[in-house]
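A structural walkthrough
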Amino acid sequence: MTIDNHFAYKFIINYQLSIINCQLSKIMGKVALITGITGQDGAYMAEYLIKKGYTVHGIKRRASLFNTDRIDHLYQDPHVENRNLILHYGDLTDSMNLTGIIGEIKPDEIYNLAAMSHVKVSFDTPEYTANVDGLGTLRILEAVRLLGLVDKTRIYQASTSELYGLVQEVPQKETTPFYPRSPYAVAKLYAYWITVNYREAYGMHASNGILFNHESPLRGETFVTRKVTRAVSRIVLGMQKDVYMGNLSSKRDWGHAKDYIKAMYLILQQDKPDDYVISTGITTSIRDFIAMAFEEIGVTVDFTGEGINEIGTIVAVDKKVFNKKLGDHYYESFQKRMGEVVVKVDPQYFRPTEVDLLIGDSTKARERLKWQPYYTLPLLIRDMMDSDIKEMKKEAYLKEGGYKVLNYFE
Ligand code: NAP
Ligand code: GDD
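Each regular strand carries side chains that alternate between the two faces of the sheet. Counting buried residues along strand β5 (residues 154-160), 7 of its 7 residues qualify, which places the element largely inside the surrounding structure. Side chains R154, Y156, A158 and T160 of β5 all project onto a buried face; the interleaved residues I155, Q157 and S159 project onto the opposite face, where all are buried too. Sheet topology note: the strand β4 (residues 109-112)/β5 ladder contains 4 bridges and is parallel. Note that in β5 the partner of N112 across the bridge is Q157. Where β5 meets strand β6 (residues 205-211), 7 bridges bridge the pair, whose relative direction is parallel.

In structure tokens, the structure reads:
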């Protein structure tokens, strides 16, 4: 065989091999790793990717109780062959663990969603938050680099509108300067820039999604929207007298997590990595969100007073809407509560430094990713209220049946 023939032969074999590989990966589906799979976004992402034919690996933390509620409907017996959801114990603070998992499964895509994600709590645990939310991202990027997976593995970093903090421009877009206002946001700022740096330094397909607040029935109970939809459900069912809130005047650009995980997916399907703002472009105060949640079940709450003296009072109930949502069983006792105060302010929920206004401009994502949210704020609130009323009705039945139910204080 001449040298020319040898190279031609090698070229043809390599070409055929690459076609076989390509077809194999189409048949076998892609492999994704989701950190934070037990969280709100992780759960929706896992479901979405499994439906697309992915094999999904997730990292869960060891806990003293089961902590997989949000993904239990997807979970399969570990003894079943060809599972499409596989969980690994791990932690973003443990480099060896992360490197081991990534090296073993060699994912096509990593969605780094794990974080200590509560802004107020980050003031209590600033060092831990920096370790998980900042250095955790570095650990993943570095594992991919050291394992020689730079050309194979694409990385999505869960960046946040909290980076804009004390906003320098309204609305906020990709070019708006950052001004973080919490240990959480400062840690996420490091994660944002280290993602950009690894992309530029090593040619990694690593991208930031700068996501504005997104909520759902799966939202953690201590974030404001879920705290409100749970409390409103309990108040109208007679399970709770009132709710104490923090700053009612801050404004957020709220969307539905189901829409936002689609944006994350689209970001990793682009030929080139890049950073994108994901938002609805509509901003609403916490006060208005509370009023809308009550309105969803026909209850009008009027806000009066200022600062820590502000209160929300029941001023009207639409019987038809109320009964349609809850059944007439609860109307009689609730309408006796007309004129009662159901929302109060407790300064313990205030933050040392607050983010007053977030409103995003997601033109880039809408044009390049062809992304568009389906859910409006009223639809999001309906989804959350329907889910929490169903949940709390179970508790109300237990209580009426003489069983003890717990109170929740957030
Ligand atoms: P979430 O519900 O609080 O979920 C966070 C996930 O991270 C959970 O699975 C949690 O595990 C896990 N986690 C926490 N510390 C960890 C550690 N040390 N090692 C491994 N896993 C750890 O948050 P989310 O709302 O789904 O948000 C997902 C990501 O997007 C987060 O990074 C968040 O900061 C970011 N983000 C969220 C929003 C939003 O509005 N939701 C907006 C912008 C950015 P456990 O279940 O064991 O606690
Ligand atoms: N949690 C909470 N509890 N917030 C309250 C309360 C309360 O009782 N009362 C008023 N707020 C105000 C907060 O002060 C804040 O201005 C706003 O409600 C939203 O608070 P959270 O729901 O805790 O969310 P966040 O905006 O601080 O952070 C969320 O969104 C970020 C994206 O902008 C989290 O999901 C972060 O992880 C995410 O990065």
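Here the narrative resumes, following the displayed structure.
This brings us to the nonpolar core. The nonpolar side chains of a soluble globular protein tend to be buried, and buried together. Membership of the largest hydrophobic core comes to 67 residues, with the highest contact counts inside it found for I34, M45 and I278. No other element matches the 9 residues that helix α6 (residues 183-202) contributes to this core. Non-local contacts of I278, meaning those with residues more than four positions away in its chain, are made with G209, I210, L211, F212, Y260, A263, S362 and A365. Among the nonpolar cores identified, the runner-up in size contains 32 residues, and V228, W254, I290 and V299 belong to it.

Turning our eyes to something else, we now look at the sheet that holds β5. Pairing is parallel in the open sheet, where 7 strands are placed in the order β3-β2-β1-β4-β5-β6-β11. At either end of the open sheet lies a strand with only one pairing partner, and these are β3 (85-89) and β11 (276-278). When strand polarity is set aside, the average angle formed by the axes of neighbouring strands in this sheet is 20°. Relative to β11, β6 runs parallel, the two sharing 3 bridges.

Another aspect to go through is the site of ligand 2. For ligand 2, the set of nearby residues contains 22 residues, the closest of which are S117, T160, V224, G246 and S250. The set of elements that each furnish at least two residues to the shell around ligand 2 consists of α4 (119-124) and α7 (224-236). Of the residues belonging to the shell around ligand 2, the class tally is 8 nonpolar, 8 polar and 6 charged. Each of domain 1 (3-211) and domain 2 (224-248 + 286-354 + 376-400) accounts for three or more of the residues forming the shell around ligand 2.

Time to look at the domain arrangement of the protein chain. Assigned domains of the protein chain: these are domain 1 (3-211) and domain 2 (224-248 + 286-354 + 376-400). With centres defined by C-alpha atoms, the gap from domain 1 to domain 2 works out at 37 Å.

It is worth spelling out the sheet that holds strand β15 (residues 341-345) at this point. The 4 strands lie next to each other as β8-β15-β14-β13, forming an open sheet whose pairing is mixed. Sheet topology places β8 (243-245) and β13 (299-304) at the edges, where each strand pairs with a single neighbour. Strand-to-strand twist across the sheet, computed as the mean angle between neighbouring axes with direction ignored, equals 25°. Direction of pairing for β13 relative to strand β14 (residues 311-317): antiparallel, over a ladder of 6 bridges. Following the sheet pairing, V299 is matched in β14 by V317. Across the face of the sheet, helix α9 (residues 286-295) comes into contact with β8, β13, β14 and β15 while running at roughly 155° to β13.

Cut-offs applied
- Residues numbered from 1 in each chain as written.
- Chains lettered and ligands numbered in written order.
- Predicted model: local features only at pLDDT ≥ 70, side-chain atom pairs only at ≥ 80, totals over all residues.
- Buried ≥ 20, exposed ≤ 12 C-beta atoms within 10 Å, placed from the backbone.
- Helix = DSSP H or I, 4+ residues; strand = E, 2+ residues; numbered from the N terminus.
- Pairing = 2+ DSSP bridges.
- Core = buried A, V, L, I, M, F, W, Y, C linked by C-beta atoms within 7 Å.
- Contact = placed C-beta atoms within 7 Å.
- Axes fitted to C-alpha atoms, helices over the stretch in contact; angles between N-to-C directions.
- Near = placed C-beta within 6 Å.
- Nonpolar A, V, L, I, M, F, W, Y, C, P; charged D, E, K, R; others polar.
- Domains from an automatic or database assignment.

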